[in-house]
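Coordinate inspection notes
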Amino acid sequence: GLCCFKAKSSSQIKALQIRLTNRQKKFGVDYLDLVERHASQQQLKMCQRDAMEEIAALQAEIDRLEQQVQGKQQEVETANQSVKRSTQAAASPSSPTNSKRPTKSKKNRSQQAEAEEEENEIRNTNRPLFTIDSDDEEHYGQEQAS
């Protein structure tokens, strides 16, 4: 899922960021070392070019992974919105025949409410007050016998 993908990508991005930072530090050390050894301008430029190429490649890889995460996240969000819309459409059909329901008058609504209340009362009066489990029956039978 998205969570696992994001976690995996995040750890890859962090590792690349560490490599990028380490390469930047290495460039600084290498460049200063060349300056200290009185290297030529060409050697200094090559050191700089090599470091910049490697850093750019690492940054490109970081950007690619971040775009993948964003793409996957948008994909999941789009799928979720699509599912949400389809469930809403199923819950409230928009066909023209069903869209206009006859309105109930207050009298009809109150009669319906009374009928529902009576049904609930009937259901509640027909429910047993308690149930006896098979273990309870054995115990109950023993109490009756004594």
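Only a predicted model underlies this, so the values are computations on that prediction, with no experimental measurement involved.

Observations regarding the nonpolar core
Among the nonpolar cores identified, the biggest contains 7 residues, and these are Ile 13, Leu 16, Leu 20, Ile 55, Leu 58, Ile 62 and Leu 65. Of the residues forming this core, the biggest block, 4 residues, is contributed by helix 2 (residues 41-91). Leu 20 has contacts with Ile 55, Leu 58, Gln 59 and Ile 62, leaving out every residue within four places of it along the chain.

Quick notes on the packing of aromatic side chains
Inspection of every chain in the model, using the stated rule, returns 1 aromatic pair. When the ring of Phe 27 is compared with that of Tyr 31, the centres are 5.4 Å apart and the planes differ by 45°; the resulting orientation is tilted. With Phe 27 and Tyr 31 both in helix 1 (residues 2-36) and 4 residues apart, the pair spans about one turn of that helix. By relative accessible area, Tyr 31 is classed as partly exposed at 27%. One cation-aromatic arrangement involves Lys 72 over Phe 5; the distance from NZ or CZ to the ring centre is 5.7 Å.

Some details on the side chain of Arg 23
By the element assignment, Arg 23 lies in helix 1. A distance of 2.7 Å separates polar atoms of two side chains, one belonging to Arg 23 and the other to Glu 54. Those residues in contact with Arg 23 that lie beyond four places of it in its chain are Asp 30, Asp 50, Ala 51, Glu 54, Ile 55 and Leu 58.

A short note on the state of the cysteines
Per the counting criterion, the structure on display carries 0 disulfides. Note on Cys 4: no disulfide assigned, nearest cysteine sulfur contributed by Cys 3 at a separation of 5.5 Å. Note on Cys 4: relative accessible area 58%, which makes it exposed.

Some thoughts on the pattern of salt bridges
If you walk through the whole model with that rule in mind, you get 6 salt bridges. Note that Lys 26 is salt-bridged to Asp 30, the shortest N-O span being 2.7 Å. Of this pair, Lys 26 and Asp 30 both sit in helix 1, 4 residues apart, roughly one helical turn. Of the residues examined, Lys 26 reaches a relative accessible area of 45% and is grouped as partly exposed. Linking Asp 33 and Arg 37 is a salt bridge whose minimum nitrogen-to-oxygen distance equals 3.3 Å. Look at Asp 33 and you get partly exposed, because its relative accessible area is 34%. For Arg 37, a relative accessible area of 55% translates into the label exposed. Here the residues in one salt-bridge network are Arg 49, Asp 50 and Glu 53, joined through shared partners.

Section: helix 2
Taking 1.5 Å of rise per residue, the 51 residues of helix 2 would be expected to cover 75 Å, and the 74 Å separating its terminal C-alpha atoms lies within 8% of that figure. Against helix 1 lie the buried residues of helix 2.

Examining the confidence of the model for the protein
Residues of the protein with pLDDT of at least 70 account for 68%, and the chain-wide mean is 80. Note that residues 126-131 has pLDDT below 50 and, in this model, 0 contacts with residues that lie over four places away or in other chains.

Cut-offs applied
Residues numbered from 1 in each chain as written. Predicted model: local features only at pLDDT ≥ 70, side-chain atom pairs only at ≥ 80, totals over all residues. Heavy atoms only, no water. Core = buried A, V, L, I, M, F, W, Y, C linked by side-chain atoms within 4.5 Å. Buried < 20%, exposed > 50% of the residue type's maximum accessible area, 1.4 Å probe, protein only. Helix = DSSP H or I, 4+ residues; strand = E, 2+ residues; numbered from the N terminus. Contact = heavy atoms within 4.5 Å. Phe/Tyr/Trp six-rings, centres within 6.5 Å; stacked < 30°, edge-to-face > 60°. Lys NZ or Arg CZ within 6 Å of the ring centre and 35° of its normal. Polar contact = N/O pair within 3.5 Å; in protein donor to acceptor, adjacent residues only side chain to side chain. Disulfide = S-S within 2.5 Å. Salt bridge = Lys/Arg side-chain N within 4 Å of Asp/Glu carboxyl O. Expected span 1.5 Å × (residues − 1). pLDDT = per-residue confidence, 0-100.

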